[in-house]
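Remarks on the overall topology
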Amino acid sequence: MSIQTVSQLRAADALKQLGDGALSEIFVSYIQQLPVMIHQNGLGQAVAFYKSKGDEHLKIYNILKNWLCKESKIFGADRVTNDLLKNIVETDMANYRMAQSEAQAYLYWLRHIAKSKLKKEGGRNEAAPL
């Protein structure tokens, strides 16, 4: 049994969540916009916006929800809900800040892996530099 760092776990989950196929430019651009939106507006406002938009935004919301509510256990064992927004509004400020930091750390990997899976013109995938 090998021991992985938290960063490795984030990267592995992001890779798993994005799957094996190529990603559209618009989907990758939405992933790249989320960390900036979190920085400018806060985690709660950013994820509420992504949840409300549907389609590609909602896919990204669900990926982040899965990480924060299940995999990272950022909201603790007493939080049995899988509702990211409910967890955000019901947590204390210290945990909110920790969740926001964890979201940014996870999105670092998600956006770099997404960029490497970007579908290029002509249908080819070309790995983009990290």
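That block above? That's the structure.
What comes next concerns the included structure. (Residues numbered from 1 in each chain as written. Predicted model: local features only at pLDDT ≥ 70, side-chain atom pairs only at ≥ 80, totals over all residues. Heavy atoms only, no water.)

What follows covers the overall build of the protein chain. Within the protein chain, the secondary structure is distributed over 6 helices and 0 strands. When the elements of the protein chain are put in sequence order from the N terminus, they spell out α-α-α-α-α-α. Counting only residues that meet the buried cut, the protein chain has 39% of its 130 residues in that class. The long-range share in the protein chain, meaning contacts at least 24 apart out of those at least 6 apart in sequence, stands at 64%. Here the protein chain has roughly 7,600 Å² of accessible surface; of this, 53% comes from carbon and sulfur atoms. (Helix = DSSP H or I, 4+ residues; strand = E, 2+ residues; numbered from the N terminus. Buried < 20%, exposed > 50% of the residue type's maximum accessible area, 1.4 Å probe, protein only. Contact = heavy atoms within 4.5 Å. Areas by Shrake-Rupley, 256 points an atom, 1.4 Å probe, with all protein chains shown as cover.)

Here we come to the side chain of His57. With respect to the helices and strands, His57 occurs in helix 4 (residues 55-71). Here His57 is in contact with Tyr30, Phe49 and Tyr50, once residues within four sequence places are set aside.

Next up on the list: helix 6 (residues 93-116). Taking 1.5 Å per residue as the helical rise, helix 6 with its 24 residues ought to reach 34 Å, and the 35 Å between its terminal C-alpha atoms agrees with that figure. Among the residues of helix 6, those classed as buried are Asn95, Tyr96, Ala99, Glu102, Ala103, Tyr106, Leu107, Leu110, His112, Ile113 and Ala114. Considering only its buried residues, helix 6 is in contact with helix 1 (6-18), helix 2 (25-41), helix 3 (43-53), helix 4 and helix 5 (84-90). With a side-chain oxygen lying 3.2 Å from the backbone nitrogen of Ala94, the N-terminal cap of helix 6 falls on Asp92. (Expected span 1.5 Å × (residues − 1). Polar contact = N/O pair within 3.5 Å; in protein donor to acceptor, adjacent residues only side chain to side chain.)

The N-to-C vectors of helix 3 and helix 4 enclose an angle of 135°; their axes lie 6 Å apart at closest approach. Here helix 4 runs oblique to helix 3, going by the angle between their axes. Here helix 3 and helix 4 pass one another in a crossing that is left-handed. Across the interface between the two elements, Leu43, Val47, Phe49, Tyr50, Lys51 and Lys53 of helix 3 pack against Asp55, His57, Leu58, Ile60, Tyr61, Leu64 and Leu68 of helix 4. Class assignment for the residues of the contact of helix 3 with helix 4 results in 9 nonpolar, 1 polar and 3 charged. (Axes fitted to C-alpha atoms, helices over the stretch in contact; angles between N-to-C directions. Parallel < 35°, antiparallel > 145°, perpendicular 65-115°, else oblique. Left-handed = near helix turned anticlockwise from the far one by under 90°. Nonpolar A, V, L, I, M, F, W, Y, C, P; charged D, E, K, R; others polar.)

Turning our attention to the packing of aromatic side chains. Geometrically, a pair of aromatic rings is defined through the distance of the ring centres and the angle of the planes. Under the definition given, this model contains 3 aromatic pairs. With 5.0 Å between their ring centres and 10° between their planes, Trp67 and Tyr106 make a pair best called stacked. Taken together, the positions of Trp67 in helix 4 and Tyr106 in helix 6 put the pair 39 residues apart, joining distant regions of the chain. Residue class for Trp67 comes out buried when judged on its relative accessible area of 5%. Owing to a relative accessible area of 0%, Tyr106 belongs among the buried residues under this scheme. Where Tyr108 meets Trp109, the ring centres are 5.6 Å apart and the plane angle is 85°; that geometry is what we call edge-to-face. Taking relative accessible area as the criterion, Tyr108 reaches 40% and is therefore assigned partly exposed. (Phe/Tyr/Trp six-rings, centres within 6.5 Å; stacked < 30°, edge-to-face > 60°.)

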